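Secondary and tertiary structure notes
Here are the chains, one letter per residue:
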Amino acid sequence: MCFVKNLDASLKIPLNQLVTPFSLEHTLRCGQSFRWRKLGDWWCGVVDEKIVKIRQIADKLWFQTFPEEMDADFVKNYFRLDDNLPHILSQISRDEHIRRAIQRFSGLRIIRQQPWECLISYICATYKNIPAIKEMILNLSKQFGTKITFDDYDFYTFPKPTDLANSDIEDLRKCKLGFRAKRVLKTSRIMHKEELDLEAFRKTDYEHARNELLSLPGVGPKVADCILLFSLDKLKAFPVDVWMKRIILKYYSRHFEPLFIEKIRNKRSLTPREYREISLFGQRYFGPYAGYAQEYLFHYERHQPK
DNA sequence: TGGCTG
DNA sequence: GCCAG
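Since this is a predicted model, take the numbers as computed values, not measurements. (Residues numbered from 1 in each chain as written. Chains lettered and ligands numbered in written order. Predicted model: local features only at pLDDT ≥ 70, side-chain atom pairs only at ≥ 80, totals over all residues. Heavy atoms only, no water.)

Overview of the domain arrangement of chain A
With domains assigned, chain A is organised as domain 1 (11-82), domain 2 (115-231) and domain 3 (242-302). The C-alpha centroid of domain 3 is placed 30 Å from the C-alpha centroid of domain 1. With five residues of domain 1 in contact, the opposing surface of domain 3 contributes four residues. Here domain 1 packs against domain 3, burying approximately 350 Å² in sum over the two surfaces, 51% of which is carbon and sulfur. Counting across the interface, domain 1 meets domain 3 through zero salt bridges. Our count for the contact surface shared by domain 1 and domain 3 stands at zero residue pairs in polar contact (both at pLDDT 80 or more). Its residues assigned to classes, the side of domain 1 that touches domain 3 shows one nonpolar, two polar and two charged. (Domains from an automatic or database assignment. Contact = heavy atoms within 4.5 Å. Buried area = accessible area lost by both parts, 1.4 Å probe. Salt bridge = Lys/Arg side-chain N within 4 Å of Asp/Glu carboxyl O. Polar contact = N/O pair within 3.5 Å; in protein donor to acceptor, adjacent residues only side chain to side chain. Nonpolar A, V, L, I, M, F, W, Y, C, P; charged D, E, K, R; others polar.)

So, in structure tokens, the structure goes:
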């Protein structure tokens, strides 16, 4: 077990669970990111060009990065430890359903992902489940990224825009992207030409950033909201997928017209108008941190026995 | 509103 | 879940 070296080789981040509640496990298992796997006691992921190896023991976080050594601020930034979670949770704590989810998954945080990787990941996520998405992202990284070996395991960095922009559509298809290949290629070319500055959207408002994202091939309302929430600091974004629809039908139907509920009940996907109505409800009902509410409800419902 | 890669 | 028709 040479992989599990002793903790002395790691940096420590003490967490005061009262002020900074955090659960690494819930945060990495809730399906927002596709790049982490658990090896022994450690979670391992690729962030930027670094391998990050991290574990939590009670109120302490231990981590190492490779090849570049990163400090605690890097980890704090990635896991949004700067969010005032107690305050956020008190804000979204609107009813018994969300309170149950918060209790069950306390410490779950939204991750601050890299916008470019997040963009491509959620274009790929269209009409796919989480394991399939993880596989696509891994395939893309193996094919177009850079291999880094750490603790006897191989990791691959996520390809740069130029790598995908200059790729052959057939090679993208081989990564099991299917009809998403064309969308990924087109969007990569736009990003490669730097026609859109994703990072800049961190500072602009939600509406503006969203409209810009919607201009990209493969980015509709749901994908845009995921990118805004998971990588662009737009915590009011309220992505609506099949799970969120189920949650609305199960717990929140009384907030909608009966006719509306009937319409969405039996069909597979929402029209843009229906999407908008549910998403706006989420933002109105849960407030400026609606995205956090969405994550807690989503993760909670996915763990409910059918 | 249906078709889409496997 | 997005996009073409």
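From this point, the discussion proceeds with the structure in view.
Let's talk about the protein's contact with DNA strand C
The full set close to DNA strand C counts 15 residues, and Tyr127, Gly218, Gly220, Val223 and Asp241 are the nearest of them. Of all DNA strand C atoms lying within 4 Å of any protein atom, the proportion belonging to sugar or phosphate reaches 68%. One nitrogen or oxygen atom from the main chain of Gly220 is found 3.1 Å from a phosphate oxygen belonging to DNA strand C. In this structure, Val223 approaches DNA strand C through a main-chain N or O atom, which is 3.0 Å from a phosphate oxygen. Counting residues per element, the surface near DNA strand C draws most heavily on helix 11 (residues 221-231), at three residues. Grouping the amino acids of the surface near DNA strand C by side-chain chemistry returns eight nonpolar, four polar and three charged. (Near = heavy atom within 4 Å. Helix = DSSP H or I, 4+ residues; strand = E, 2+ residues; numbered from the N terminus.)

Considerations on the sheet that holds strand 2 (residues 36-39)
Strand order in the open sheet made by the five strands is 1-5-4-3-2, with antiparallel pairing throughout. The open sheet is flanked by strand 1 (11-14) and strand 2, the only strands paired with a single partner. Looking at each pair of strands side by side, their axes are set apart by 30 degrees on average, direction ignored. Here strand 4 (residues 50-57) pairs with strand 5 (residues 60-66) via seven bridges, running antiparallel. Paired with Val52 across the strands is Thr65, a residue of strand 5. (Pairing = 2+ DSSP bridges. Axes fitted to C-alpha atoms, helices over the stretch in contact; angles between N-to-C directions.)

Quick notes on the packing of helix 4 (residues 96-104) against helix 15 (residues 290-302)
Helix-helix packing: each pair is described by the crossing angle between the helix axes and the interaxial distance. Where helix 4 meets helix 15, the axes come as close as 9 Å, and the angle between the chain directions of the two elements is 75 degrees. Between helix 4 and helix 15, the interaxial angle falls into the category roughly perpendicular. Touching His97, Ile98, Arg100, Ala101, Ile102 and Arg104 of helix 4 are Ala293, Tyr296, Leu297 and Tyr300, all from helix 15. (Parallel < 35°, antiparallel > 145°, perpendicular 65-115°, else oblique.)

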